[in-house]
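Residues per chain, in single letters:
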Amino acid sequence: MPELPAPRPVLWPLRPQESARVSKTTADGQVRVTIEHAPLAGVTPEMLAWWYRHVPGTMMYAGTRQPRYLVWHPLDHISYEIESPGVDGGVSAGARLHITEALGRNLDTLIDIHVGVEEIDDRSATIAKRVLGSSLVRLENEYDAIGGDTRYVTRLVLGDGTVPGRLWFNKVARTKAFPESKLGPWIRHHIEEIGNLENFLPDLVRYHADKEP
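Our subject in this report is the structure included herewith. (Residues numbered from 1 in each chain as written. Predicted model: local features only at pLDDT ≥ 70, side-chain atom pairs only at ≥ 80, totals over all residues. Heavy atoms only, no water.)

## Looking at the pairing of strand E7 (residues 110-120)
As paired strands, strand E6 (residues 96-102) and E7 are joined by seven bridges and run antiparallel to one another. Of the residues in E7, the one forming a bridge with Thr100 is Asp112. Where E7 lies against strand E8 (residues 124-131), four bridges are found, and the strand directions are antiparallel. Bridging across to E8, Gly116 finds its partner in Ala128. (Pairing = 2+ DSSP bridges. Helix = DSSP H or I, 4+ residues; strand = E, 2+ residues; numbered from the N terminus.)

## What about unusual backbone geometry?
Glycine aside, a negative phi is what most residues show, and trans is what most peptide bonds show. Its identity is not glycine, yet Ala62 carries a phi of approximately 55°, on the positive side. The residue Ala62 is located in the loop between strand E3 (58-61) and strand E4 (64-67) in this model. Assessed through its relative accessible area of 40%, Ala62 is described here as partly exposed. At Leu132, a position not held by glycine, the phi torsion is positive, near 50°. Secondary-structure assignment places Leu132 in the loop between E8 and strand E9 (134-146). (Buried < 20%, exposed > 50% of the residue type's maximum accessible area, 1.4 Å probe, protein only.)

## Remarks on the sheet that holds strand E1 (residues 21-27)
One open sheet holds the eight strands; their spatial order is E1-E2-E10-E9-E8-E7-E6-E5, and the pairing between them is antiparallel. Single-partner strands in this sheet number two, and they are E1 and strand E5 (77-84). Put simply, the sheet's adjacent strands are angled 20° from each other on average, direction ignored. Relative to strand E2 (residues 30-36), E1 runs antiparallel, the two sharing seven bridges. Following the sheet pairing, Thr26 is matched in E2 by Val31. Together, E2, E8, E9 and strand E10 (149-158) form the strand contacts of helix H3 (residues 163-177), whose direction differs from that of E9 by roughly 70°. Sitting on the sheet, helix H4 (residues 180-211) touches E1, E2, E5, E6, E7, E9 and E10, and the angle it makes with E2 is about 25°. (Axes fitted to C-alpha atoms, helices over the stretch in contact; angles between N-to-C directions. Contact = heavy atoms within 4.5 Å.)

Structure below.
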């Protein structure tokens, strides 16, 4: 059981769950949760693609240098590790990640998952936990520009349509990987972390753009 790091200061209000539109469907043993977030002010799809490729690393926050992942959600996040790099040597297609977070700072709702990066570009970022070719947990993030802001939609899919999925793995996804007791807290957590990006990501991207030759 990992230890919770000390909470970071919450410099901006975290978005309430009511700020997003959430729907849930079930079919063939699969569960699909769709979250339509409120627009991210001042954020572009290009900034989001940069972020998902550069979550590892540090940044200045509340007067100290902090891991970016711990800034992303200053209360719940624990660790974000690259187990193996992707095609470009970093976080990209083919990378393997180990992610841990305690939803609501409650270790009873711990998420401790090893996932593969399937794609990151200026339109989407997708990670998945696969077993024997079947998707146990798949997280699809899609984003597109609306004026100077970004429309952002998340889809969490538990299970898939393969034969092993329908026979065995969909039940494992629903009851072990992501049981109902974690699903509600995760929805709230995810709305908070995605909403928090508008508070620091534009300045972070501009800072690193200025540092590049």
